[in-house]
Amino acid sequence: MNTYHITFGTYGTRLHGGVAPTVALPRNHYEEDFEAPNAVRYEMSRELMREKPCVLSSEQRRFLENGIPAICDRGKWLYHIAAVQEDHVHILLSADADPKVVRQWLKTWLSQSLNAHYGKRTWWAKGGSGKWVFEEDYFNNVHQYILNQRTHQE
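Computed from a predicted structure; not experimentally measured.

(A) Focus on the overall build of the protein chain. Along the backbone of the protein chain there are 4 helices and 4 strands. What you see in the protein chain, going N to C, is helices and strands ordered as β-α-α-β-β-α-β-α. For the protein chain, the residues scored as buried account for 40% of the 154 residues in total. The long-range fraction of contacts in the protein chain, counting pairs at least 24 apart against all pairs at least 6 apart in sequence, stands at 70%. Carbon and sulfur atoms provide 52% of the accessible area of the protein chain, an area that totals close to 9,300 Å².

So, in structure tokens, the structure goes:
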């Protein structure tokens, strides 16, 4: 099993051209610079949105943090820890699948759960990251980083 630090954002909260860091495909390579802010690109991105940005409430964040272990069980992945912020999610898990595949299933199953509980909408932005965690020190650092971001402490 491989261990991954998976991160993905909520819909419309980090638009290309805005001040929040983004990476445009196909430039999404390890250690590549983020896009520079660009007001024209930001406005174009905003105009393409189909609905309002998704900013998760405290209740929704707790709902997700409490539900992610069951989602990991469903995928037959080993859950380590997760934290949900207003505009993004961090999950540390181990799986026998590619991190992009795991991330897509996470987003699909979390969307289904959120839709059933809060109503249908677009919850997640496209893409995200799935960093391989090879070393124990890196695992411990990521675990602590995620723990510090949790809505409620374990």
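(B) How the structure looks around the packing of aromatic side chains. Applying the stated criterion to the full structure yields 6 aromatic pairs. Ring centres of phenylalanine 8 and tryptophan 124 lie 5.0 Å apart, and the angle between their planes is 85°; this geometry places the pair in the edge-to-face category. Residue phenylalanine 8 is found in strand 1 (residues 2-9), and its partner tryptophan 124 is found in the loop between helix 3 (99-118) and strand 4 (129-132); the two are separated by 116 residues along the sequence. Tryptophan 124 carries the same exposure label as phenylalanine 8, and that label is buried. Here a set of aromatic residues connected by ring pairs shows up, and it is made of Tyr4, Trp132 and Phe134. One residue, arginine 121, lies across the ring of tryptophan 123, its end atom 5.8 Å from the ring centre.

(C) Fine view of helix 2 (residues 58-75). Helix length check: helix 2 (18 residues) gives 26 Å between terminal C-alpha atoms against 26 Å at 1.5 Å per residue, within 8%. At glycine 67, helix 2 shows its largest kink, close to 35°, and the proline proline 69 lies no more than four residues downstream. Where helix 2 is concerned, the buried positions are Gln60, Arg61, Leu64, Glu65, Ile68, Ile71, Cys72 and Gly75. Residues of helix 2 that are buried in the fold lie against strand 2 (78-84), strand 3 (88-95), helix 3 and helix 4 (136-149). Of the residues trailing helix 2, lysine 76 is marked for its positive phi of about 60°.

Calculation criteria
Residues numbered from 1 in each chain as written. Predicted model: local features only at pLDDT ≥ 70, side-chain atom pairs only at ≥ 80, totals over all residues. Heavy atoms only, no water. Helix = DSSP H or I, 4+ residues; strand = E, 2+ residues; numbered from the N terminus. Buried < 20%, exposed > 50% of the residue type's maximum accessible area, 1.4 Å probe, protein only. Contact = heavy atoms within 4.5 Å. Areas by Shrake-Rupley, 256 points an atom, 1.4 Å probe, with all protein chains shown as cover. Phe/Tyr/Trp six-rings, centres within 6.5 Å; stacked < 30°, edge-to-face > 60°. Lys NZ or Arg CZ within 6 Å of the ring centre and 35° of its normal. Expected span 1.5 Å × (residues − 1). Bend = angle between axes of the 7 residues up to and from the residue.

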